[in-house]
Amino acid sequence: MDAETPKEDAKKRGRAPKEPKEAKESKEPAAKKAKVAKEPKEPKEKKAKEPKTPKTPKTPKTPKTPKEPKEPKEPKEPKPKNPRKTPAPKRVKKTDVVAVADAESPLVVDLDEQTDNIDARDQQKENVDTQKPKPKSARSTPKPASAKKPRANTPKIRPAATSRASKNWHMDLYPSHVFVDPMECIAPPPLFQSVRPHASKDFTLVADAELRPFLPVSYGNPESGARIISNVSLLDSTDIDPDEAENSKFSLPLFSAHSLIPGELDRSKFVLNCGGSVWGLDWATVHNHEYQYLAVGGYQTTTERHHLLGVKQGKLNDRDDSLKGCIQIWRVDTTGAENPTLELAILTEFGVVYGLQWGDGAYFEDLNEFHTQKMAGSVKEREVARLGLLAVTFGDGSCRVINVPHPRPLKQELGVPENQPAFVKCDTFLFAATLDDTLLWKPTWGGPDLLATGCANGNIAIWGIKGALQQRVDQAGELDSESRSDPILCFPAHNTAISQIQWDDQRDGTEGSSVGHQILSCGYDGQMLQCDIRDPYNPVQLYKIRGVMTAMCQAAHLNAFCAVDSDNTLRYFRQCGGEDEPAAKNDKPGVEGESQFKSVGVGSHMSCIWDIAVSPYLPFVASVGADGCAKTSNMNRTMTKSYRPIQVNFYQLGYDSSTKVFTYLEDTKEEPLTDLIKKGEAPSLLFSPEIALHKISFNKNKSSLDWIATGGAAGLVRIESVFNNLARKDK
């Protein structure tokens, strides 16, 4: 029997391979098919013989082969395949754009606690990518323009700080300026260096007895202008502790600053008492990591006086002082050695300030270089180093450019003590522009040579600044009156007043060059338009709402933009539908199919959103509204569905009308936007007008890009750092 079984096995082996061949080849003759049909009878006889072979159990000796567990263990080595079941790391590695931030730390992170977890997570991702190629995804997000080519003139970044930034914000695939070496922030040669402010011809020191009509009239206490402020943290509870609120009270005099509690995240915070309602707020472009300058402008009062849009202010009689006001220049010590101080107050007689913006950084002049030239004898007598050009729109309908000097050298020339502010009247403006039929309302710079203004009738006017500077050079710096000229271009854009205007800056951080030809604007007609000055009469409608669009902002480094919706929400738009990413079914195309965007809600307020701002180097968008809240969120969290959008409150301002006490609430909880951001479901409530916040501004300087400023109707301006002190010390 043992000799017969191997023959039968041989027969089986010989017939077994013939069966699949005969099944596959359809061209074989029918005779072969008949043989195949007879073959199944033989296995029946074999099945009867199989029970006779119980002796074959000797063959079970072969189970020795399973005793070799080494071979099955080897294929178990690709354990990193398990993480692929989790969608988060898979999606993060597929996209070539900036990845989302950590879900547990949407804004400020502790760099030490999360280092170990992030290292292990990154190691798993690297193992998965090296063992198996990435499959092509039809819904992979497109690379932004900034990720395709590196930025020009990128300063050196510390390796240790770069690794920490890439781990916490996942910016390793994107060139970032988060942690820049301050020594690399060198100022470029200034343009029109000979056009410097003159201490005696351009400015006049105003005596203390004549200051009163120009200074803000403080709410509640017009004599001293002081504010009573309370600072409370809600870290341990959701209710305000009366004892803590009473003990934290302090009086803040007019034109003074006070530090606030650092809070849970240990951030630097200060509050400034500017006096009047704030409608103009912007950081100066300063190439110095030790100090920064902030310009503030607005009304003389807080909530007592209002001005109609489109109506130019004028004097009612000779005794009317309603046109008088001041523009404040504050110095901020980013090292933390001292509190912010008011260095310069420029007194004006052209009405309230509707908006202001600093010019290109190419107009900044470094003090060390200025002193070197002064010692060499190339500086004229009583000339002062230039801080920058400041464009301001006033209530009388004019837009004027001020050649702002460095405050401390100016005070030395005028004999003002260093610890006191200088109140000066600007006698000569570098440039002044007016239109007879409308009011110039919102200014924006298009590089060093162009200035655009949004008008109250919906028009956009563009002015040439280099001509005014060249005229000043031709006259050897002697100019008795400001330079006036007609706009080089004026065209209709919106049906009503323009609420926000901004150039599409595509310079990749390069200063001194033109920003391009595109202008973004939004207006009270609910439209957001993109205009090309080479063909201004054919604008592209990017977005439209049924209401007033109060603010919008471009995120050039993310190839996106943000806009305010009609339901008090903030939406983030990024272009889609290209070759790398087909458009989704639920994506809404632009008007007439001109463009297509993905829209994601990244912010929500309980009332009207007055202003929004995007950091030029960070993925943060911030907003302020009439509810007294200053909020921010990380736009990178919208790149994938693995992270839900979350907004973080910088602070919440409160006001008690009976005691006239303003309260800053710190350390409020994060707010998920999953439920609040749905269309039409965001609530709208009425709040006290004293707590309304009107303006917000991110610092645009690479050495101090983590500072942000907010201001509102109460005349209080708050400046603070986005990062905690631990992260800022690593810079």
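Just above, that's the structure.
Residues numbered from 1 in each chain as written. Predicted model: local features only at pLDDT ≥ 70, side-chain atom pairs only at ≥ 80, totals over all residues. Heavy atoms only, no water.

Concerning unusual backbone geometry
For residues other than glycine, phi is negative in most cases, and the peptide bonds are mostly trans.
Piece 1. For Phe255, which is not glycine, the phi torsion reads 60° and is therefore positive.
Piece 2. Locating Phe255 in the fold gives a position in the loop between strand E3 (250-252) and strand E4 (257-259).
Piece 3. Backbone geometry places Asp667, a non-glycine residue, at a positive phi of 55°.
Piece 4. Turning to its location among the elements, Asp667 is positioned in the loop between strand E32 (661-666) and strand E33 (671-672). (Helix = DSSP H or I, 4+ residues; strand = E, 2+ residues; numbered from the N terminus.)

Some remarks on the sheet that holds strand E1 (residues 203-205)
Piece 1. The strand order across the open sheet formed by six strands is E1-E13-E9-E8-E7-E6, and the pairing between neighbours is mixed. The open sheet has two edge strands with one neighbour each: E1 and strand E6 (278-283). Averaged over all pairs of adjacent strands, the angle between strand axes in this sheet comes to 25°, irrespective of strand direction.
Piece 2. As paired strands, E1 and strand E13 (residues 422-426) are joined by three bridges and run antiparallel to one another. Bridging across to E13, Thr204 finds its partner in Lys425.
Piece 3. Here helix H12 (residues 407-414) sits on the sheet and contacts E1, strand E7 (291-298), strand E8 (325-333), strand E9 (341-348) and E13; the angle it forms with E9, its principal contact strand, is near 70°. (Pairing = 2+ DSSP bridges. Axes fitted to C-alpha atoms, helices over the stretch in contact; angles between N-to-C directions. Contact = heavy atoms within 4.5 Å.)

Here's the deal with a nonpolar patch on the surface
Piece 1. Side chains of Leu309, Tyr524 and Val548 sit close together on the surface and give an oily, nonpolar patch of about 230 Å² of accessible area.
Piece 2. Along the chain, Leu309 falls in the loop between E7 and E8.
Piece 3. Overall, the relative accessible area of 38% leaves Leu309 in the partly exposed class. (Patch = residues over 30% accessible without salt bridge, like charges linked within 9 Å, V, L, I, M, F, W, Y side chains within 5 Å. Areas by Shrake-Rupley, 256 points an atom, 1.4 Å probe, with all protein chains shown as cover. Salt bridge = Lys/Arg side-chain N within 4 Å of Asp/Glu carboxyl O. Buried < 20%, exposed > 50% of the residue type's maximum accessible area, 1.4 Å probe, protein only.)

Details of the sheet that holds strand E21 (residues 518-523)
Hydrogen bonds between backbone groups are what pair the strands of a sheet, and the pairing can be parallel or antiparallel.
Piece 1. Strand order in the open sheet made by the four strands is E20-E21-E22-E23, with antiparallel pairing throughout. Looking at the sheet topology across the chains shown, the edges are occupied by strand E20 (498-503) and strand E23 (535-544). When strand polarity is set aside, the average angle formed by the axes of neighbouring strands in this sheet is 25°.
Piece 2. In this sheet, E23 lies alongside strand E22 (residues 527-532) in antiparallel orientation, the contact comprising five bridges. Counted as the bridge partner of Met528 is Tyr543 from E23.

Description of the pattern of salt bridges
Piece 1. In the structure shown here, the tally under the stated rule is 18 salt bridges.
Piece 2. Measuring nitrogen to oxygen at the nearest pair gives 3.8 Å for the salt bridge that ties Lys374 to Glu413. Of this pair, Lys374 sits in helix H11 (residues 367-376) while Glu413 sits in helix H12, and the two are 39 residues apart along the sequence.
Piece 3. We classify Lys374 as partly exposed; its relative accessible area is 41%.

Some remarks on the side chain of His605
Piece 1. Among the secondary structure elements, His605 is positioned in the loop between strand E27 (597-604) and strand E28 (609-614).
Piece 2. Judged by relative accessible area, which is 0%, His605 ranks as buried.
Piece 3. Here Ser623 takes part through its side chain, which lies 2.8 Å from a polar atom of the side chain of His605. (Polar contact = N/O pair within 3.5 Å; in protein donor to acceptor, adjacent residues only side chain to side chain.)

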